[in-house]
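Here are the chains, one letter per residue:
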Amino acid sequence: MASTQSTPDLEEEETAVETARRQLERAAAHLDVDEGVIERLRHPKSVHRFTVPVERDDGTMEVYTAYRAHHDNVRGPYKGGLRYHPGVNEEECVGLAMWMTWKCAVMDIPFGGGKGGVVVDPKDLSGDEKERLTRRLAQELRPVIGPMNDIPAPDMGTDPQTMAWFMDAYSMQEGETCPGVVTGKPPSIGGSYGREEAPGRSVGIVTEQVLEHYDMDPADTTVAVQGFGSVGANAARYLDDLGASVVAVSDVDGAIYDPDGLDTNDVEGHDERPGMVSGYDAPETLANEELLTLDVDVLIPAAIGNVLTGENARDIQADIIVEGANGPTTSTADQIFEEKGIPVIPDILANAGGVTVSYFEWLQDINRRKWTLERVNEELETEMLRAWNAMKAEYEVRDVTWRDAAYIVALKRVAEAHGARGLWP
Ligand code: GLU
């Protein structure tokens with residue numbers, strides 16, 4: 001048995017797809033699922049690679065590489081974000097697409113898993129260049145996406161405006177308005193109220209359940225949130241409104257800290273006004289890494305992947321971790337948290353409010369009928385509680401981590417669908 005001093009027998013430089021496969025194997029070990037189905041699920045159904053030429057503002061042309069990975073669509077169309085980030089690569093898209101399969105399944109949403117992105121730093125693009133890139137990308141992706149086939153959504157580096165350009169370009173080519181081709185659009189063109197806030201809101205709803213499970217009173221709970229973008233800011237504000245004390249939040253430039261609790265509604269989010277988090281007049285400032293190791297009750301990593309690693313996992317002092325970002329915990333860190341008895345509430349459940357409201361948006365688009373914000377938030381809460389209870393039921397009957405429990409719920413549903421449909425021909 002590993003002592004707290006031992007080094008786990010895992011590669012630190014694991015790719016997203018390796019991590020996703022490892023998580024699949026762990027869940028499969030608890031279930032009696034046909035090995036053929038598991039083997040199918042280790043692989044994406046397809047991965048598409050495109051080159052996207054874009055005219056820069058100075059008249060020169062740049063060619064960007066883009067990917068769209070399709071993991072599994074046994075339960076419905078592929079669904080997942082489209083990110084603009086310099087670190088995008090094929091392996092990462094496949095891993096993230098696999099996570100979308102489990103995320104949709106754990107929520108019992110009739111979608112499969114997809115993910116894509118462009119290898120570009122959006123900060124290097126002007127607004128006009130970003131628009132041209134997005135429109136041309138929509139054209140390149142057109143053969144492999146569609147409202148009944150694969151429905152992209154915002155992710156790192158993309159936002160409602162990106163989705164609006166994408167939907168417009170796709171619709172112009174189709175010759176009809178197709179709001180259901182992407183979700184996360186502005187409400188004026190078929191976007192859902194509450195979609196932008198949904199991933200952070202679901203992190204808040206799930207954290208509330210976790211506190212209840214561990215008999216913790218929100219009023220006596222301290223929270224640190226790494227990343228004060230759309231997910232982190234909305235999660236922090238939800239928990240602040242619940243009475244918790246959000247003592248630290250951060251953006252890329254650093255963290256702010258107030259042991260008495262920050263007024264999270266007064267701190268402008270990174271998306272709302274970049275630079276305003278670290279520029280806020282707080283009692284103390286910290287480096288991002290210091291935020292992660294604060295002695296708080298709940299730590300919410302809500303920025304990027306792989307921030308909790310073998311390097312820092314032993315220094316984490318939080319009692320509970322709730323994953324706001326996709327894949328913030330490496331396998332090594334996961335193993336250390338298991339040894340230390342720190343519960344980690346997985347991303348595929350915690351931030352699944354995003355894809356859940358994306359599903360609501362898709363329904364609204366298909367029905368050409370808008371829901372009120374109250375209805376969206378009410379139905380989101382119902383779905384989050386349903387999924388939380390399904391995960392909790394597995395957690396309580398098996399000796400597994402919360403992550404394993406969520407994967408078991410998801411894999412059971414996906415495997416059952418594969419079993420029922422069978423292999424064609
Ligand atoms: N990019 C988001 C995620 O990782 C949303 C996906 C969607 O709404 O399709 O969950």
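A brief report on the enclosed structure follows.

### Quick notes on the side chain of Arg 237
- On the secondary structure map, Arg 237 appears in helix 7 (residues 230-242).
- Only 3.0 Å separates the side chain of Arg 237 from the backbone oxygen of Thr 264, close enough to count as a polar contact.

### Details of helix 11 (residues 353-367)
- Between the first and last C-alpha of helix 11 there are 21 Å, a value that for 15 residues agrees with the 21 Å anticipated at 1.5 Å per step.
- Helix 11 sits mainly inside the fold: 12 of its 15 residues count as buried.
- When helix 11 is considered as a whole, its buried residues turn out to be Gly 353, Gly 354, Val 355, Thr 356, Val 357, Ser 358, Tyr 359, Phe 360, Glu 361, Trp 362, Gln 364 and Asp 365.
- Looking one or two residues beyond helix 11, the residue adopting positive phi is Arg 368, at roughly 50°.

### Here we look at the site of the ligand
- As a structural note, the neighbourhood of the ligand is formed by 14 residues, with Lys 79, Lys 103, Asp 155, Asn 326 and Ser 358 the closest of them.
- Separating an oxygen atom of the ligand from a side-chain N or O atom of Lys 115 is a distance of 3.1 Å.
- Within the side chain of Ser 358, one N or O atom sits 2.5 Å away from an oxygen atom of the ligand.
- For the ligand, the accessible surface in isolation is 300 Å², of which the surrounding protein chains cover 93%.
- Breaking the shell around the ligand down by element, the ones donating at least two residues are strand 3 (78-85), helix 3 (90-106), strand 5 (150-154) and helix 11.
- Looking at the shell around the ligand residue by residue, the classes come out as 4 nonpolar, 5 polar and 5 charged.

### Regarding the nonpolar core
- Counting 87 residues, the largest nonpolar core has Trp 102, Ile 300 and Leu 411 as the members making the most contacts within it.
- Counting 24 residues, the second largest nonpolar core, distinct from the first, contains Val 120, Leu 133, Phe 166 and Tyr 170.

### Describing helix 9 (residues 331-340)
- Taken together, the buried positions of helix 9 are occupied by Ser 331, Thr 332, Ala 333, Asp 334, Ile 336 and Phe 337.
- Summarising the contacts, the buried residues of helix 9 are in contact with helix 1 (16-28), strand 11 (320-322), strand 12 (344-345) and helix 13 (402-421).
- Looking one or two places after helix 9, you find Gly 341, whose phi comes out positive at around 75°.

### Points about the packing of helix 1 against helix 13
- Interhelical geometry of helix 1 versus helix 13 gives an angle of 80° and a closest axis separation of 9 Å. Regarding the angle of helix 1 to helix 13, the classification is roughly perpendicular. Contacts from Gln 23, Leu 24, Arg 26, Ala 27 and Ala 28 in helix 1 reach Arg 403, Asp 404, Tyr 407, Ile 408 and Leu 411 in helix 13.

### A short note on the pattern of salt bridges
- One pass over the structure, following the stated rule, counts 29 salt bridges.
- Put simply, Asp 155 and Lys 115 hold a salt bridge, and the shortest N to O gap is 2.7 Å. Remark: Lys 115 occurs in strand 4 (residues 112-119) and Asp 155 occurs in the loop between strand 5 and helix 5 (160-174); sequence separation between them is 40 residues.
- Take Lys 115: its relative accessible area is 2%, and that puts it in the buried class.
- A salt bridge links Asp 365 to Lys 185; the shortest N-O distance between them is 2.8 Å. Here Asp 365 is found in helix 11, whereas its partner Lys 185 is found in the loop between helix 5 and helix 6 (198-213), with 180 residues between them in sequence. The burial state of Asp 365 is the same as that of Lys 185; both residues are buried.
- Taken together, the shared-partner salt bridges in this structure form one network comprising Glu 25, Glu 35, Glu 39 and Arg 42.

### Side note on the pairing of strand 3
- Extensive coverage of strand 3 is indicated by the burial of 7 of its 8 residues.
- Taken together, strand 3, helix 3 and strand 4 constitute a β-α-β crossover, and its handedness is right-handed.
- By the bridge criterion, 5 bridges tie strand 3 to strand 5 in an arrangement that is parallel. Note that in strand 5 the partner of Leu 82 across the bridge is Pro 154.

Conventions adopted
- Residues numbered from 1 in each chain as written.
- Predicted model: local features only at pLDDT ≥ 70, side-chain atom pairs only at ≥ 80, totals over all residues.
- Heavy atoms only, no water.
- Helix = DSSP H or I, 4+ residues; strand = E, 2+ residues; numbered from the N terminus.
- Polar contact = N/O pair within 3.5 Å; in protein donor to acceptor, adjacent residues only side chain to side chain.
- Expected span 1.5 Å × (residues − 1).
- Buried < 20%, exposed > 50% of the residue type's maximum accessible area, 1.4 Å probe, protein only.
- Near = heavy atom within 4 Å.
- Areas by Shrake-Rupley, 256 points an atom, 1.4 Å probe, with all protein chains shown as cover.
- Nonpolar A, V, L, I, M, F, W, Y, C, P; charged D, E, K, R; others polar.
- Core = buried A, V, L, I, M, F, W, Y, C linked by side-chain atoms within 4.5 Å.
- Contact = heavy atoms within 4.5 Å.
- Axes fitted to C-alpha atoms, helices over the stretch in contact; angles between N-to-C directions.
- Parallel < 35°, antiparallel > 145°, perpendicular 65-115°, else oblique.
- Salt bridge = Lys/Arg side-chain N within 4 Å of Asp/Glu carboxyl O.
- Right-handed = clockwise from strand over helix to strand, strands pointing away.
- Pairing = 2+ DSSP bridges.

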